[in-house]
Amino acid sequence: MADAAARDQMSYRGFLAELLMAECDDRARRRSERRIKAAAFPREKSLRAFEFEANPNVDPAVIHTLATSDRVKKGLPLCLIGDSGTGKSHLLIALGTEAAMAGFRVRYTLATKLVNELVEAADDKVLTKTIARYGRVDLLCIDETSWTCRVGRRWRGGFRSTSGITRTPIRC
């Protein structure tokens, strides 16, 4: 960078400004990478790689609107509904990745893993602490929720009511 500045006969101020911009960009990139890593996604997925033409029920305009993370800012839930193989997990990971890149704290988990973790936390008398840890994220991506119904019935500790939550289902 210094060689390029000398070659372009850049002023010291100009060089310093370029250097600071490069440092800021690098820090932003690394923060974004850390947030994506902390989200614990099982694999990389992006909206660019999603094949909208393979599933005509998924409206690209709706998905790209969701990618702006306005729902995350407002704290609104989202439920992706559809048959197996329709791209729900791909979209969940891609939207979560977009939110992490936008600066939000994101966490990905499978529904069965979450339920098991909550059951174990209740047994160990640390349920409040576990719920608080999940409460510190801006977006909690829970995948494979169809399995929760079967697993959840075995837990007699009870679930908090979600009757006050308005879901926006997206059919995949």
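Residues numbered from 1 in each chain as written. Predicted model: local features only at pLDDT ≥ 70, side-chain atom pairs only at ≥ 80, totals over all residues. Heavy atoms only, no water.

Visitor: Got a sec to walk through unusual backbone geometry? Specific residues and values, please.
Guide: Its identity is not glycine, yet Ala40 carries a phi of approximately 65 degrees, on the positive side. Structurally, Ala40 can be placed in the loop between helix H2 (12-39) and helix H3 (60-66). Although it is not a glycine, Lys125 sits at a positive phi angle of roughly 60 degrees. (Helix = DSSP H or I, 4+ residues; strand = E, 2+ residues; numbered from the N terminus.)

Visitor: Requested: an account of helix H6 (residues 111-123), with residues and values cited.
Guide: What sets the pattern is the α-helix's 3.6 residues per turn: residues three or four places apart point alike. Here H6 is 13 residues long and its end C-alpha atoms lie 18 Å apart, about the 18 Å a rise of 1.5 Å per residue gives. Along H6, the residues classified as buried are Ala111, Leu114, Val115, Glu117, Leu118 and Ala121. Each buried residue of H6 lies within a common arc of 160 degrees when the element is viewed along its axis, so the set occupies one face. Facing away from the buried side of H6 by more than 90 degrees, the exposed set consists of Glu120 and Asp123. Lys125 sits one or two residues past H6 and shows a positive phi near 60 degrees. (Expected span 1.5 Å × (residues − 1). Buried < 20%, exposed > 50% of the residue type's maximum accessible area, 1.4 Å probe, protein only. Arc of directions from axis to C-beta.)

Visitor: Explain the packing of aromatic side chains to me, and be specific about the residues and the numbers.
Guide: Describing an aromatic ring pair means giving the distance of the ring centres and the angle of the ring planes. Considering all chains together, one arrives at two aromatic pairs under this definition. Centroid distance Phe41 to Tyr108: 6.0 Å. Interplanar angle 55 degrees. Geometry classified as tilted. Here Phe41 is found in the loop between H2 and H3, whereas its partner Tyr108 is found in strand E2 (residues 106-110), with 67 residues between them in sequence. Across this residue pair, the class does not change: Phe41 and Tyr108 are buried. Ring plane angle 75 degrees and centroid distance 4.8 Å describe the contact between Phe50 and Phe52, whose orientation is recorded as edge-to-face. On the accessibility criterion, Phe52 (12% relative accessible area) is buried. (Phe/Tyr/Trp six-rings, centres within 6.5 Å; stacked < 30°, edge-to-face > 60°.)

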